[in-house]
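# Residue-level structure breakdown
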Amino acid sequence: MFYATFRCYKIVVYQYYRKHRKYVCIKGKSYNISVEYGDLLQIEKGKKVINFDECFSTSIGEKPEDIKKDSVCGQYLTKHPIEDIQQLIISSGVKPSCKSSFNQKDSYTLGTIIPRGDFLLMAFAKLDKDGLGKMTYSQYLECLNTLWVQIDRYHGTDDVYLPILGSRITRFDRELTQQELLDIMLSSYRLSPKKLKQPNTLHIVCKEREGFNLNDAYGIDR
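For the structure given in this document, a descriptive report is provided here. (Residues numbered from 1 in each chain as written. Predicted model: local features only at pLDDT ≥ 70, side-chain atom pairs only at ≥ 80, totals over all residues. Heavy atoms only, no water.)

### Observations concerning the side chain of Glu36
Let me state the cut-off plainly: A helix here means a DSSP run of H or I that spans at least four residues, while a strand means a run of E at least two residues long, and both kinds are numbered starting from the N terminus. For each residue, the accessible area found with a 1.4 Å probe, counting protein chains only, is set against the maximum for its type, and the residue is called buried under 20%, exposed over 50%, and partly exposed in between. A positive count includes Lys and Arg, and a negative count includes Asp and Glu. His and the chain ends are not counted in either. Basic side-chain nitrogens of Lys or Arg form a salt bridge, by our definition, when they fall within 4 Å of a carboxyl oxygen of Asp or Glu. Any two residues whose heavy atoms approach within 4.5 Å are treated as being in contact.
Of note, Glu36 is situated in strand 2 (residues 32-37). In this structure, Glu36 is buried with no salt-bridge partner, the nearest side chain bearing the opposite charge being Lys45 at 7.0 Å. For Glu36, the contacting residues outside a window of four places in its chain are Lys22, Tyr23, Tyr161, His203, Ile204, Val205, Cys206 and Leu214.

See below:
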């Protein structure tokens, strides 16, 4: 009777822990990943990845091509304005890879990083002719592959923090939930030869929202 009661107690405690925990850790042979609830821009340590569009646009507004004020990029630009993005790009040595479909602006390889203090500014969403951010599934995978290489180059000895990429207004050629995007990121990082060397950790930071659960991420212990 005692053991049955104790076992029930352990189950209740474990279920409570799973429901209310704010982070989960995934450890591999040569890597550490933490998936956690939080505000990326409130984190003071490490390097933080901020995803821009393919042209590193900095204009905040309501037009299709504008950065949305409540996006991670919009919040970053509000707190840390960039007066001359072109000078920042030039000083980093990054070269455009082609022209964007939107107004033939210079476009940069998806996943390319421009370092700026504790932040790593990343070229992410492609722009269509109307200035809307769009990506194919294949482009998303290629972007992640490039991103891991770039992070390896620029993180120094710091942990790296990034959001779930593409989980808000980026339009994909297939329907992908935030949960599925997280699983893709985890799988891509595991397969990449470029990972943060232990004890450094890759932190994927996200807001709590309906329809998303840390416990459902691929590879996290159930």
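### Topic: helix 5 (residues 178-191)
Two residues of an α-helix separated by three or four positions point the same way, owing to the 3.6 residues in each turn. How we decide: One less than the residue count of a helix, multiplied by 1.5 Å, gives the span that helix is expected to have.
Taking 1.5 Å of rise per residue, 14 residues should cover 20 Å, and helix 5 covers 20 Å from first to last C-alpha, within 8% of that figure. Buried residues dominate helix 5, accounting for ten of its 14 residues. Buried-residue contacts for helix 5 involve strand 1 (23-27), strand 2, helix 4 (137-154), strand 9 (160-163), strand 10 (171-172) and strand 11 (202-206).

### Section: the pairing of strand 9
Formally: Here the rule is simple: two strands pair whenever DSSP picks up at least two bridges between them.
A two-sided burial pattern is seen for strand 9, the buried positions comprising Val160 and Leu162 on one face and Tyr161 and Pro163 on the other. Two strands pair when backbone bridges link them, and strand 9 and strand 11 are joined in this way by four bridges, in the parallel orientation. Its bridge partner lying in strand 11, Tyr161 is registered against His203.

### Looking at the packing of aromatic side chains
Centre-to-centre distance and the angle between the planes together describe a pair of aromatic rings. Keep this limit in mind: Planes of paired rings set the category: under 30 degrees apart is stacked, over 60 is edge-to-face and the rest tilted, where pairs are Phe, Tyr or Trp rings (Trp by its six-membered ring) whose centres lie within 6.5 Å.
Following the criterion strictly, the structure yields eight aromatic pairs and no others. With a centroid separation of 6.2 Å and 75° between ring planes, the pair formed by Phe124 and Tyr140 is classed as edge-to-face. A residue pair is termed long-range when its members are at least 10 positions apart, and Phe124 in strand 7 (residues 119-127) and Tyr140 in helix 4 qualify at 16 residues. Each member of the pair, Phe124 as well as Tyr140, is classed as buried. Ring geometry for Tyr140 and Phe172: centres 5.3 Å apart, planes at 90°, overall edge-to-face. Separated by 32 residues along the polypeptide, Tyr140 in helix 4 and Phe172 in strand 10 bring together distant segments of the chain. Note on Tyr140: relative accessible area 0%, which makes it buried. An aromatic cluster of at least three residues, connected via ring pairs, comprises Phe52, Phe56, Tyr76, Tyr108 and Phe119.

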